[in-house]
Amino acid sequence: MQDTILSIAGRPGLYRLLTRGAGRIIVEALDESHKRFPASPRDRITSLNDVSMYSDADDVPLMQVFQNIADALEGKASPLNHKTASAEELSDFMATALPDYDRDRVHQSDMKKLLQWYNLLIKAGYTQFVTEEDK
């Protein structure tokens, strides 16, 4: 994924980095609003490229987890809703995303966030999360 996708603590959704300025960055919401705004250094900003998920072996980059889901769902959005999915549905979804995820350290809220972010990225037109070199 060539764009830098960000999560900003305290703000719902995901954001695309547009440009960097003096002491702040300009981001655009990935949802249908495409709202642009400046984010300051006080905001806790995390690049999804820097996030990983716990597994029984090594931590797995989040982009690889998204790619696993996209491969399993043939690049389509998940039919599950992150707000109404049951614990069993989330567990099955997580087994598709990362079969050997650490069941003690990956919580239900993490699974909901993964599902929400995946569907948001697919809706925004992202279908390829890792390149062949990254695999």
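One can find the structure itself at the top, above this paragraph.
The structure contained in this document is the topic of the report that follows.

Cut-offs and rules
For every chain, the first residue of the written sequence is number 1, and numbering continues from 1 onward in sequence order. Under the rules for a predicted model, residues below a pLDDT of 70 receive no local features and side-chain atom pairs below 80 are neither given nor counted, while totals for whole chains, interfaces and linings still include all residues. Derived side-chain values reflect all non-hydrogen atoms in the structure, with water molecules and hydrogen atoms excluded from consideration. Only Phe, Tyr and Trp rings take part, Trp by its six-membered ring, and two of them pair if their centres are within 6.5 Å. Stacked means planes under 30 degrees apart, edge-to-face means over 60, and tilted covers everything else. Think of it this way: any DSSP run of H or I at least four residues long counts as a helix, any run of E at least two long counts as a strand, and we number them from the N terminus. For every residue, the accessible area obtained with a 1.4 Å probe (protein chains only) is divided by the maximum for its type, and the residue is called buried under 20%, exposed over 50%, and partly exposed between those limits. In this analysis the charged atom, NZ for Lys or CZ for Arg, is taken to sit over a ring once it is within 6 Å of the ring centre and within 35 degrees of the ring normal. DSSP-based pairing: two strands are paired if at least 2 bridges between them are found. Lines are fitted to the C-alpha atoms to define the axes, a helix being fitted only along its stretch in contact, and any angle between axes, read from their N-to-C directions, falls within 0 to 180 degrees. Convention used here: angles under 35 degrees read as roughly parallel, angles over 145 as roughly antiparallel, angles from 65 to 115 as roughly perpendicular, and any remaining angle as oblique. Any pair of residues with heavy atoms lying within 4.5 Å of one another is described as a contacting pair. The classification used treats Ala, Val, Leu, Ile, Met, Phe, Trp, Tyr, Cys and Pro as nonpolar, Asp, Glu, Lys and Arg as charged, and all other residues, Gly among them, as polar. In this scheme the crossing of two helices becomes right-handed for a clockwise turn of the near helix relative to the far one and left-handed for an anticlockwise turn of less than a right angle. A side-chain nitrogen of Lys or Arg and a carboxyl oxygen of Asp or Glu constitute a salt bridge if their distance falls within 4 Å.

What to know about the packing of aromatic side chains
Thought 1: Applying the stated criterion across every chain, the model contains four aromatic pairs.
Thought 2: Ring centres of Tyr118 and Phe129 lie 6.2 Å apart, and the angle between their planes is 45 degrees; on these two criteria the pair is classed as tilted. One end of the pair, Tyr118, is in helix H3 (residues 108–123); the other, Phe129, is in the segment after H3, with eleven residues separating them in the sequence. By the burial criterion, Tyr118 is buried, and Phe129 matches it.
Thought 3: Three or more aromatic residues joined by ring pairs form one cluster here, namely Phe66, Tyr118 and Phe129.
Thought 4: Lying over the aromatic face of Tyr101, Arg103 brings its terminal NZ or CZ to 4.2 Å of the ring centre.
Thought 5: Its end group placed over the ring of Tyr54, Arg105 keeps NZ or CZ at 3.8 Å from the ring centre.

Structural notes on the sheet that holds strand S2 (residues 15–20)
Thought 1: If you trace the five strands from one edge of the open sheet to the other, you get S4-S3-S2-S1-S5, paired in antiparallel fashion. Each end of this open sheet is capped by a strand with a single partner; those strands are strand S4 (36–39) and strand S5 (45–47). Within the sheet, the average angular offset between the axes of one strand and its neighbour, ignoring direction, is 45 degrees.

A look at the environment of Val106
Thought 1: Inspection of the secondary structure puts Val106 in the loop between helix H2 (87–97) and H3.
Thought 2: Separated by 93 residues in sequence, Val106 and Gly13 have C-alpha atoms that sit 20 Å apart.

Points about the packing of helix H1 (residues 62–72) against H3
Thought 1: At a minimum axis distance of 11 Å, the contact between H1 and H3 shows a crossing angle of 70 degrees. If you check the angle between H1 and H3, you find them roughly perpendicular. On the side of H1, the interface is formed by Leu62, Val65, Phe66, Ile69 and Ala70, while H3 contributes Leu114, Trp117, Tyr118 and Leu121.
Thought 2: Here the contact of H1 with H3 is composed, by residue class, of nine nonpolar, no polar and no charged.

Digging into the packing of H2 against H3
The description of two helices packed together rests on the angle between their axes and the distance between the axes.
Thought 1: For the pair H2 and H3, the least separation of the axes is 10 Å and the interaxial angle reads 65 degrees. Between H2 and H3, the angle falls in the class roughly perpendicular. In terms of crossing hand, the pair formed by H2 and H3 is left-handed. Residues Ala87, Leu90, Ser91, Phe93, Met94 and Ala97 of H2 touch H3, and the partners they reach there are Gln108, Met111, Lys112, Leu114 and Leu115.
Thought 2: A per-class count over the contact of H2 with H3 returns eight nonpolar, two polar and one charged.

What about the pattern of salt bridges?
Thought 1: Under the criterion given, the structure shown has five salt bridges.
Thought 2: Of the charged contacts in the structure, one is a salt bridge between Arg36 and Glu28, with a shortest N-O distance of 3.3 Å.
Thought 3: Taking relative accessible area as the criterion, Glu28 reaches 10% and is therefore assigned buried.
Thought 4: Within this structure, Arg16, Glu28 and Arg36 form a network of salt bridges that share partners.

Observations concerning the pairing of S4
The side chains of a regular strand alternate between the sheet's two faces.
Thought 1: Side chains Phe37 and Ala39 project from S4 onto a buried face, and the interleaved Arg36 and Pro38 project onto a face without burial.
Thought 2: Between strand S3 (residues 25–29) and S4, which pair antiparallel in sequence order, lie six residues; one of them, His34, sits at a positive phi of approximately 55 degrees.

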